[in-house]
Amino acid sequence: MSATDVEHWLHMYQQMLKIRVFEEQVNELYTSAKMPGLAHLYVGQEAVAVGVCEALRRDDYITSTHRGHGHCLAKGASVDKMFCELLGKEPGYCHGKGGSMHIADQDTGNLGANAIVAGSAGIATGAAFACKRLGLDRVAVCFFGEGALGQGVLYESMNMAQLWKLPVIYVCENNLYNEYTHHTESTAGSMRARPEAFGILTVEVNGQDVREVHETATRLIARARRGEGPAFMLCHTYRYYGHHVGDINRRYYRSKEEEEEWKTHRDPLNTLSAWLIGQTMADGAIFDQIENEVRAEVAAAVDYALNAPFPAPEEVGKHVYVG
Ligand SMILES: Cc1ncc(C[n+]2csc(CCOP(=O)(O)OP(=O)(O)O)c2C)c(N)n1
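In short, a report on the structure. (Residues numbered from 1 in each chain as written. Predicted model: local features only at pLDDT ≥ 70, side-chain atom pairs only at ≥ 80, totals over all residues. Heavy atoms only, no water.)

1. Points about the overall build of the chain
Part 1 of the reasoning: A tally of helices and strands in the chain yields 11 helices and 7 strands.
Part 2 of the reasoning: Expressed as a percentage of the 323 residues in the chain, the buried residues total 52%.
Part 3 of the reasoning: Within the chain, contacts between residues at least 6 apart in sequence are counted, and of these 73% link residues at least 24 apart.
Part 4 of the reasoning: For the chain, the exposed surface amounts to about 13900 Å²; the carbon and sulfur share of it is 53%. (Helix = DSSP H or I, 4+ residues; strand = E, 2+ residues; numbered from the N terminus. Buried < 20%, exposed > 50% of the residue type's maximum accessible area, 1.4 Å probe, protein only. Contact = heavy atoms within 4.5 Å. Areas by Shrake-Rupley, 256 points an atom, 1.4 Å probe, with all protein chains shown as cover.)

2. Description of the pairing of strand β3 (residues 168-174)
The side chains of a regular strand alternate between the sheet's two faces.
Part 1 of the reasoning: The element β3 is extensively covered by neighbouring structure, given that 7 of its 7 residues are classed as buried.
Part 2 of the reasoning: Residue alternation in β3 divides its side chains into two sets, Val 168, Tyr 170, Cys 172 and Asn 174 and Ile 169, Val 171 and Glu 173, and both sets are buried.
Part 3 of the reasoning: With 6 bridges joining them, β3 and strand β7 (residues 231-236) adopt parallel strand pairing. Looking at the pairing, Asn 174 lines up with His 236 of β7. (Pairing = 2+ DSSP bridges.)

3. Concerning the packing of helix α1 (residues 3-31) against helix α4 (residues 79-86)
Part 1 of the reasoning: One way to put it is that α1 packs onto α4 with a least axis distance of 12 Å and a crossing angle of 25 degrees. When the axis of α1 is compared with that of α4, the two are roughly parallel. In this structure, the crossing between α1 and α4 has a hand that is right-handed. Judged by residue contacts, Lys 18, Phe 22, Gln 25, Val 26 and Leu 29 of α1 engage Val 79, Met 82, Phe 83 and Leu 86 from α4.
Part 2 of the reasoning: When the residues that make up the contact of α1 with α4 are grouped by side-chain class, the tally is 7 nonpolar, 1 polar and 1 charged. (Axes fitted to C-alpha atoms, helices over the stretch in contact; angles between N-to-C directions. Parallel < 35°, antiparallel > 145°, perpendicular 65-115°, else oblique. Left-handed = near helix turned anticlockwise from the far one by under 90°. Nonpolar A, V, L, I, M, F, W, Y, C, P; charged D, E, K, R; others polar.)

4. Let's talk about the site of the ligand
Part 1 of the reasoning: Inspection of the region around the ligand gives 15 residues, with His 66, Arg 67, Ala 115, Gly 147 and Tyr 177 positioned closest.
Part 2 of the reasoning: One of the side-chain nitrogen or oxygen atoms of Glu 179 is found 3.4 Å away from a nitrogen atom of the ligand.
Part 3 of the reasoning: A total of 580 Å² of accessible area belongs to the ligand in isolation, and the protein chains cover 74% of it.
Part 4 of the reasoning: Among the residues making up the shell around the ligand, the classes are represented as 5 nonpolar, 7 polar and 3 charged. (Near = heavy atom within 4 Å. Polar contact = N/O pair within 3.5 Å; in protein donor to acceptor, adjacent residues only side chain to side chain.)

5. Notes on the packing of aromatic side chains
Part 1 of the reasoning: Scanning the model with the defined rule gives 11 aromatic pairs in all.
Part 2 of the reasoning: Between the aromatic rings of Tyr 180 and Tyr 252, the centroid separation amounts to 6.5 Å while the plane-to-plane angle is 40 degrees, which identifies the pairing as tilted. Of the two residues, Tyr 180 is situated in the loop between β4 (177-178) and β5 (181-182) and Tyr 252 in the loop between β7 and α9 (256-265); the sequence distance between them amounts to 72 residues.
Part 3 of the reasoning: Judged by its relative accessible area of 28%, Tyr 180 is partly exposed.
Part 4 of the reasoning: Residue classification places Tyr 252 among the exposed residues on the basis of a relative accessible area of 60%.
Part 5 of the reasoning: Ring pairing ties together the aromatic residues Tyr 177, Tyr 180, Tyr 252 and Tyr 253, which thus form one cluster.
Part 6 of the reasoning: When the ring centre of Phe 310 is taken as origin, the NZ or CZ atom of Lys 89, which lies over that ring, is 4.8 Å away.
Part 7 of the reasoning: A cation over a ring is seen here: Arg 266 above Trp 262, with NZ or CZ 4.0 Å from the ring centre. (Phe/Tyr/Trp six-rings, centres within 6.5 Å; stacked < 30°, edge-to-face > 60°. Lys NZ or Arg CZ within 6 Å of the ring centre and 35° of its normal.)

6. Regarding the side chain of Gln 162
Part 1 of the reasoning: Topologically, Gln 162 is positioned in helix α6 (residues 152-163).
Part 2 of the reasoning: Excluding its chain neighbours within four sequence positions, the residues that come into contact with Gln 162 are Phe 198, Gly 199, Ile 200 and Pro 230.

7. Some thoughts on the pairing of β7
Part 1 of the reasoning: β7 sits mainly inside the fold: 5 of its 6 residues count as buried.
Part 2 of the reasoning: For strand β6 (residues 201-206) and β7, the ladder comprises 6 bridges, and the chain directions are parallel. Counted as the bridge partner of Val 205 is Cys 235 from β7.
Part 3 of the reasoning: Following the chain from β6 across helix α8 (residues 210-225) to the adjacent parallel β7, one finds a crossover that is right-handed. (Right-handed = clockwise from strand over helix to strand, strands pointing away.)

8. A few points about the pattern of salt bridges
Part 1 of the reasoning: Under the definition given, this model contains 17 salt bridges.
Part 2 of the reasoning: Between Asp 137 and Arg 57 there is a salt bridge whose closest N-O contact spans 2.9 Å. Here the residue Asp 137 occupies a position in the loop between α5 (121-134) and β2 (140-145), and Arg 57 occupies one in the loop between α2 (46-53) and β1 (61-63), the gap between them amounting to 80 residues. (Salt bridge = Lys/Arg side-chain N within 4 Å of Asp/Glu carboxyl O.)

9. Overview of the nonpolar core
Part 1 of the reasoning: With 67 residues, the main nonpolar core has Phe 83, Val 171 and Met 233 as its most contacted residues.
Part 2 of the reasoning: Looking at this core, the element that brings in the most residues is α1, giving 12 residues.
Part 3 of the reasoning: What Met 233 contacts, discounting residues up to four positions off in sequence, is Val 52, Tyr 170, Val 171, Cys 172, Val 203, Val 205, Val 213, Thr 216, Ala 217 and Leu 220.
Part 4 of the reasoning: If you look at the next biggest cluster of nonpolar residues, it comprises 24 residues, including Ala 127, Ala 140, Met 191 and Ile 200. (Core = buried A, V, L, I, M, F, W, Y, C linked by side-chain atoms within 4.5 Å.)

10. Considering the environment of Leu 86
Part 1 of the reasoning: Locating Leu 86 in the fold gives a position in helix α4.
Part 2 of the reasoning: For the pair Leu 86 and Lys 34, spaced 52 residues apart in the sequence, the C-alpha separation amounts to 9.9 Å.
Part 3 of the reasoning: In this structure, Leu 86 is in contact with Phe 22, Val 26, Met 35, Pro 36, His 69, Ser 100 and Ile 103, ignoring residues within four places of it in sequence.

Function-wise, these values are silent; they only describe arrangement.
Shown next as structure tokens:
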């Protein structure tokens, strides 16, 4: 492995850790009653967002979900503006009026999180259609949870994407649960069979291994950029926290043992650091250094956001769509 490769994987480690530390702070802000509303934490799933987004260019597009902080950060969002948005502050991405589930960032190609399950499938597919029509060599990635497999708009979108060979990648994050329901109780049959029915190239990956996610995403994105059409990536992953920050007692739908098994044996950060150490390409000190840097960056952003102003009361109707 070359020095550039090592840099590349260490950067991915840093990006995953940034998401994890960011989310831990979100939990802290919520439990100390400093953050209004709710948030759906992405901890445990970091390798999917980072592995995919690191295969994208800045001008490529993504769409995200209610569990979207990781996607935004992985695509390059600023932690300052993210925390401001979550705390309802004026410098936030939506001037503090969108909150956790509505972060969009045109500068990094993020067309927005979406609280409607599968709601962004049409947006990502539309963006891919625009890229093709305008002759841009950009691609769009649509992130969604396996709960979206029950939504019709996903099938309308995949049908058009395959008919018109649109440059869109559907990234399904199967973290086993739709809210408090195991996927086997809500999704009949095979997940893969759905995109395959449209003739869409479908690949299944270990979503806890950022190297596997990244290598697969790189291949599918290059293929879409060449005009060879859409693809579907089924990523097996797990969320460490509850469905949202208030979901503390989870015993009635999943066991502590299951949670511990994923955290202990399938953690995406540990998997990558163990591999790098095993290859003698990195030692423990570098991970400590990255951790110190990430923690300092996130702590400074929290401070900034806590001290930032709220939007002026007379701005309440500005930037808000009234149908
Ligand atoms: C159309 C629609 N139906 C129901 C809901 C309520 N809801 C919010 S999150 C969620 C479960 C989503 O599960 P999944 O898509 O697997 O994503 P995960 O939460 O596991 O990341 C549901 C049913 C919603 N937001 N939108």
